[in-house]
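# Summary of structural features
Single-letter residue listing:
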Amino acid sequence: MTHADAFPLIRPLGLDGLLVSFSDTMSEPANRAALAFREAARLDLPDGVIETSTSLASAYFRFDPLTLPHSELRAALEHLLDTRDWYTAPLPEGRRLWRVPTVYGTERAPQLDEAAALAGLSPEEAVQRLRASRVRVLTIGFAPGQPYLGSLGPEFDIPRQQDLTPTVPAGALVLAISQFVLFSGAAPTGWRHVGQTAFRCFRPDQERSFALAPGDEMIFPSVSPEEFSEIEARDRDGNGGATVEEITA
Amino acid sequence: MSLIAHSIGPACTIQDQGRPGYLDQGLSRSGAADLLALHEGAALLGQRPDCAALEMAGFGGTFEATQEVNIALTGAPMQASIDGAQAAWNASHVLTGGQVLTVGAARQGVYGYLHLAGGIGTKPMLGSRSAHLTAKVGKTVAAGDLLPTGAGHGQAGFKIGSPDRFTGGTLRVIASVQTSLFSAATLDRLESTAFRRGARANRMGMQLDMEGQGFAAEGQLNILSEVITPGDIQMTGSGNPFILLPECQTTGGYPRIATVIPCDLPRAVQAPAGASLRFQFVSLEDALALQAAFEAELARLPGRVEPLVRDPHDIADLLSYQLVSGVISATDQGD
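Rules behind the numbers
- Residues numbered from 1 in each chain as written.
- Chains lettered and ligands numbered in written order.
- Predicted model: local features only at pLDDT ≥ 70, side-chain atom pairs only at ≥ 80, totals over all residues.
- Contact = placed C-beta atoms within 7 Å.
- Helix = DSSP H or I, 4+ residues; strand = E, 2+ residues; numbered from the N terminus.
- Nonpolar A, V, L, I, M, F, W, Y, C, P; charged D, E, K, R; others polar.
- Domains from an automatic or database assignment.
- Pairing = 2+ DSSP bridges.
- Axes fitted to C-alpha atoms, helices over the stretch in contact; angles between N-to-C directions.
- Buried ≥ 20, exposed ≤ 12 C-beta atoms within 10 Å, placed from the backbone.
- pLDDT = per-residue confidence, 0-100.

### Re the interface of chain B and chain A
- Contact residues are listed per partner, giving 40 residues for chain B and 43 residues for chain A.
- The set of elements that each furnish at least two residues to the side of chain B that touches chain A consists of strand S16 (226-227), strand S19 (251-252) and helix H4 (284-300) of chain B.
- With six residues, the top contributor of residues to the side of chain B that touches chain A is H4 of chain B.
- Looking at the side of chain B that touches chain A residue by residue, the class counts come to 17 nonpolar, 19 polar and four charged.

The following block contains the structure:
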C-alpha cells in the first residue's frame, strides 16, 4: 500500500457530494477505514448533510451545497480524519456469517467455464476454490441490499466483460476483480455469472428490508441442481436455504 | 376522491421528489425524472412540491374522476382533453365527477405529469411514494388502478409559462472523481462531439450515440466500484456515454467522465430519441451559481401562475353559454 502519500483524499463527487477515499485499490485496511470513518462522521456532522454511505474504500457525504458550503464540510471531514489512524479501525459490531447454498455452472450460471478459464483453472478446480472461500461484505451498493464480497484469491482477478450481459436473475452470484456480487434483482451486468442462489438481499415486504450489513461474512457451499430446485420450491422467507450465525471474536 | 385509470400507457409511475436516506443500502433516490415539472404542477394547484404525481413516459391514458377534483398537467406537452374538449397543457383544470381526462402521446419531450389536488395519496414506502422499478419498489400504474387523492382541494384554472427543455440542447457538466482517468484530448472530444439520444433510455439511464470512436479511460475495466450520483455520465465498454438517472445504481465500476449538473437534468431526461445533445464543462463555482438560480426559480413558481383564459374554440358547447346579453358575435372578439 502506498496510501500514506495521496490518501485519505477528499474530492467533490457531483455537485452535492464529497468523497473521502482511503485508497484507489481494494484493500482490507482501506475498507475498514471507510466503514469506521463514515460511522464516526455520522455522529458529528454539520447541518446540511443529507445522507452518507460507504463504497469499497471510501465514504461519501451528500449535502446541500447552497446551505452548507463545500469548504465548511471539507474542513469538518479533514478535522475528523486527523483524529486517528482510520486504517487500523475495528470492523463494525454485530457482524454475521451466512452460508448460502449455490449451484455453480450449469444453465443456471452459464459463465462458470469462461471465468475459470480466465483464472487459469479447470471448472472443477474453480468451484473447489469458490465454494470454500469465506468472503466479507465490503460494501452494499449498485442495487438495493446488494453486497460486494471479497476478497477472493488473486487468480480470480479477472476483468469485467467488454459488453454487458443483458440480464442475470435475482440471486445470481457473479465474479470479477477478485470479488463476488450477489445480485438483489434481475439486472444487466459486466461481471461473469458463475453461481446461482435463491437468496434475496432486498425484501421490501419484510420488516427487515435489507438482509445484509457491511462487515457480514458469506460462504457459498455448492449444491446440485436438484437440491437447489428443492430449496427454491420450499423457500418462503427469501433466505434460499441459508444459515446464519453471529460472528464472535 | 380518486381518478380511475381506464387505460394507460406502458410506462406510467407515481413519483414524488424521491427517497433519500437509503443510499448506504444500495437504494437510489428515484423520484420524478423532471423535478421542474413536479414543482410546476404543485404551483398550478397551489400546493407543496412534495406531493406525488403520475409520471407518464411518452403516453398518458384515460382517467375518470369519481368526484370533482382539481388536476394539473405539466412536463412534456401531450395531447389532452376533458370529455373531448381540448385541455391546455401547463395548466390546472377542474374535473367534475364522471368527467374523463384523456392524455395521448407526447408532442415533444418524454415525461408528462398528471397532478391531483392534495397529491396522489398512495401508501408511502420507506418515506416516499416514488416507484423504483429496477428496485422492485412500486409498479407501473395499470388499467383499472385507482389514483387516490390526498388531503387538500387545491386550485384550478391557472396556467404557467414553462421553459422549453424538450428537444435536447447543451447540458452543463462538472468534473467528477474519475474525470482525470480520461486524457485531455478525450475530454476535449466530449465537448466537441454532437451526440444523439439513443434508443436505450429509461428511468435508470439514457444512452447517447455519436459518430466516430468511443470514449475510454485508462484501465477502464478494472477500476474500483465507486459511488454514483444521478447525472453521472458513465462510459461502458462500448465507449457510448450513458447519463445515469433517478433509478440509477448507487455504485458502479464503469468510469464516469463527468456529471450533468442537477438543474440541467430536466433537459437531459426530456430529450426524445434522436434529439441532439452536447456537453459543456463548467467550474464547480459556476455550477453552484447555476443551481442556486434554478432553485430560486423553483421557489418563485407559485407567484408565476396566471389565470387560464379559455379559448372559445375549446369550449365544446359554446351556444349553451350565456355570453354578453345572449348575443354571440363571431367577428368582434379580441378587439
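### Things to note about the domain arrangement of chain B
Residue and element names in this part refer to chain B.
- By the assigned domains, chain B splits into domain 1 (2-163 + 305-314) and domain 2 (169-285).
- Domain 1 and domain 2 are separated by 29 Å when their C-alpha centres are compared.
- Contacts between the two partners involve 18 residues from domain 1 and, on the opposite side, 12 residues from domain 2.
- Across the side of domain 1 that touches domain 2, the residue classes break down as eight nonpolar, eight polar and two charged.

### Regarding the sheet that holds strand S18 (residues 241-244) of chain B
- Taken together, the seven strands give a closed barrel; going around it, the order is S13-S20-S17-S18-S15-S14-S21 (chain B), and neighbouring strands pair in mixed fashion. When the angles between neighbouring strand axes are averaged without regard to direction, this sheet yields 40°.

### A word on the domain arrangement of chain A
Residue and element names in this part refer to chain A.
- You can read the domains of chain A as domain 1 (3-88) and domain 2 (96-246).
- A separation of 29 Å is found between the C-alpha centroids of domain 1 and domain 2.
- Contacts between the two partners involve six residues from domain 1 and, on the opposite side, eight residues from domain 2.
- Its residues placed into classes, the side of domain 1 that touches domain 2 shows three nonpolar, three polar and no charged.

### Overview of the environment of Asp 34 of chain B
- Note that Asp 34 of chain B resides in the loop between strand S2 (12-15) and helix H1 (35-45).
- Residues contacting Asp 34 of chain B, with those up to four places away along its chain left out, are Gly 75, Tyr 111, Pro 266, Val 269 and Gln 270 of chain B.

### A word on the sheet that holds strand S4 (residues 58-63) of chain A
Residues and elements named next belong to chain A.
- As summarised here, the arrangement of the four strands in space is S1-S2-S4-S3, forming an open sheet in which the pairing is antiparallel. Each end of this open sheet is capped by a strand with a single partner; those strands are strand S1 (9-12) and strand S3 (49-54). Direction aside, neighbouring strands of the sheet carry axes that sit 20° apart on average.
- Sheet strands touched by helix H2 (residues 28-42): strand S2 (17-21), S3 and S4. Its angle to S3, the strand with the most contacts, is close to 160°.

### A closer look at the pairing of S2 of chain B
Residues and elements named next belong to chain B.
- Neither face of S2 is left uncovered, since the one carrying Cys 12 and Ile 14 and the one carrying Thr 13 and Gln 15 both have all their residues buried.
- The pairing of S2 with strand S3 (residues 53-57) spans four bridges and is antiparallel. Bridged to Thr 13 within S3 is Glu 55.

### A short note on the environment of Arg 300 of chain B
Residue and element names in this part refer to chain B.
- For Arg 300, the location among the structural elements is in helix H4.
- Arg 300 sits in the exposed class, given 10 other C-beta atoms within 10 Å.
- As a C-alpha pair, Arg 300 and Ala 43 span 257 residues in sequence and 9.1 Å in three-dimensional space.

### Considerations on the confidence of the model for chain B
All names here are of chain B.
- Summing up the model confidence of chain B, the mean pLDDT is 91 and the portion of residues at 70 or higher is 91%.
- Low pLDDT, under 50, characterises residues 321-335; the predicted model gives this stretch two contacts beyond four residues in sequence or across chains.
- Scored as a whole, the predicted complex attains pTM 0.87, and scored at its interfaces, ipTM 0.89.

### Some remarks on unusual backbone geometry
All names here are of chain A.
- Omega for the bond connecting Phe 7 with Pro 8 falls within 30 degrees of zero, at 0°, which places this linkage in the cis form.
- Of note, Pro 8 is situated in the loop between helix H1 (3-6) and S1.
- Residue Ser 151 is bonded to the preceding Gly 150 through a cis peptide linkage, with omega at -5°.
- With respect to the helices, strands and loops of the structure, Ser 151 is situated in the loop between strand S8 (147-150) and strand S9 (165-168).
- Despite not being glycine, Phe 142 has its phi angle at roughly 75°, a positive value.

### Thoughts on the pairing of strand S21 (residues 276-281) of chain B
Residue and element names in this part refer to chain B.
- In terms of strand pairing, strand S13 (residues 169-174) meets S21 through five bridges, oriented parallel. Counted as the bridge partner of Leu 171 is Phe 279 from S21.
- Summarising the sheet, strand S14 (residues 195-201) and S21 pair through two bridges and their orientation is antiparallel. Paired with Arg 196 across the strands is Ser 276, a residue of S21.

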